[in-house]
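Architecture and fold: a report
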Amino acid sequence: MNIAIKPRVLVIEDEAALLALLRYNLEKENYTVDEAMDGEQALLKVAEHMPDLILLDWMLPRLSGLEVCRQLRRDPNARNVPIIMLTARGEEADRVRGLDAGADDYIAKPFSPSELLARIRAVLRRIRPALAEEVLTYGGLVMDVATHKVTRNGRDIHLGPTEFRLLRYFLEHPGRVLSRDQLLDAVWGRDIYVEQRTVDVHIRRLRKALNGDSEADVIRTVRSAGYALELTSAAAGAMA
């Protein structure tokens, strides 16, 4: 069975009814949803597990959405995560403040779920195209998501379902160091118990499939942190 990796959306909203509505509509569209109900909890959630996109309410307890946005844009690890601000403050001056703070889009309440989902798709296409594309590339690696075909420098790569999902997640986050916990959540799912060493087993299988006799290893092991899909100078030279 082929399992697509779901983009992870962090919804930061203190109204329980709206939070439940957003979760329902996002999960229906095949997004994975995390929640936070105040600004401080939101920053902890981002540090815990980096989302692919953030829906951020302006009016939050403890720390305003505007300040959350500013802090995330100062964080080297989170500065490129797309942020859509949700707020009842619909005046032009407020929209300008939100965008100046680092938001990628701005939607005023009340809004229709279909409009919000369209905005999310548009932002992901613009800022994180890997989450909206059917063909992912990095260096000499090419993955056709629709046909489940992978090549490296034109050579066919044969992968099992788990290795395919692992490589897809790496291709969606090239250069980023991904912890074993992040890989477990993204590839196996948060509701399934799998030991961390299982990740290492599948990484070894993925490396064996990807790396030919004269090809450099494109998966870097970062001690005590995880793994990254990364072209070293040697690998880049081999692919040039």
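Quick caveat, the model's predicted, so the values are computed rather than measured.

Things to note about helix 6 (residues 161-172)
Taking 1.5 Å of rise per residue, 12 residues should cover 16 Å, and helix 6 covers 17 Å from first to last C-alpha, within 8% of that figure. Burial of helix 6 is extensive: 11 of the 12 residues sit out of reach of the surface. Turning to helix 6, its buried residues number three or more, namely T162, E163, F164, R165, L166, L167, R168, Y169, F170, L171 and E172.

Thoughts on the sheet that holds strand 6 (residues 135-138)
An order of 6-7-8-9 is seen for the four strands of this open sheet, with the pairing classed as antiparallel. Unpaired on one side and paired on the other, strand 6 and strand 9 (155-157) mark the two borders of the sheet. Averaged over all pairs of adjacent strands, the angle between strand axes in this sheet comes to 20 degrees, irrespective of strand direction. As paired elements, strand 8 (residues 149-152) and strand 9 share three bridges and run antiparallel to each other.

Let's talk about the nonpolar core
Grouped together as the largest cluster of nonpolar side chains are 28 residues, with contacts concentrated most on F170 and I219. When residues in this core are grouped by element, the largest group, six residues, is from helix 6. Aside from chain neighbours lying at most four places away, what touches I219 is F170, I203, L206, R207, L210, Y227, A228 and L229. Of all hydrophobic cores here, the second largest spans 22 residues; its members include A42, V46, C69 and I83.

A short note on the sheet that holds strand 2 (residues 32-36)
On the basis of which strands lie adjacent, the open sheet formed by five strands has the order 2-1-3-4-5 and parallel pairing. Sheet topology places strand 2 and strand 5 (105-108) at the edges, where each strand pairs with a single neighbour. Each neighbouring strand pair of the sheet contributes to a mean axis angle of 20 degrees, computed without reference to strand direction. Alignment of strand 1 (residues 8-12) against strand 3 (residues 53-57), held across four bridges, turns out to be parallel. Looking at strand 3, one finds that V9 is bridged to L53. Helix-sheet contacts for helix 1 (residues 16-28) involve strand 1, strand 2, strand 3 and strand 4 (83-87), and the interaxial angle to strand 2 is about 165 degrees. Those strands touched by helix 2 (residues 39-48) are strand 1, strand 2 and strand 3, and its axis lies near 140 degrees from that of strand 2.

Some points on the pairing of strand 10 (residues 219-222)
Inspection of the sheet shows strand 10 paired to strand 11 (residues 226-229) by four bridges, in the antiparallel sense. Residue R220 lies in a different strand from strand 11, and its bridge partner there is A228. Hairpin connection of strand 10 to strand 11: three residues between the antiparallel strands, including S224 at a positive phi of 65 degrees.

Conventions adopted
Residues numbered from 1 in each chain as written. Predicted model: local features only at pLDDT ≥ 70, side-chain atom pairs only at ≥ 80, totals over all residues. Heavy atoms only, no water. Helix = DSSP H or I, 4+ residues; strand = E, 2+ residues; numbered from the N terminus. Expected span 1.5 Å × (residues − 1). Buried < 20%, exposed > 50% of the residue type's maximum accessible area, 1.4 Å probe, protein only. Pairing = 2+ DSSP bridges. Axes fitted to C-alpha atoms, helices over the stretch in contact; angles between N-to-C directions. Core = buried A, V, L, I, M, F, W, Y, C linked by side-chain atoms within 4.5 Å. Contact = heavy atoms within 4.5 Å.

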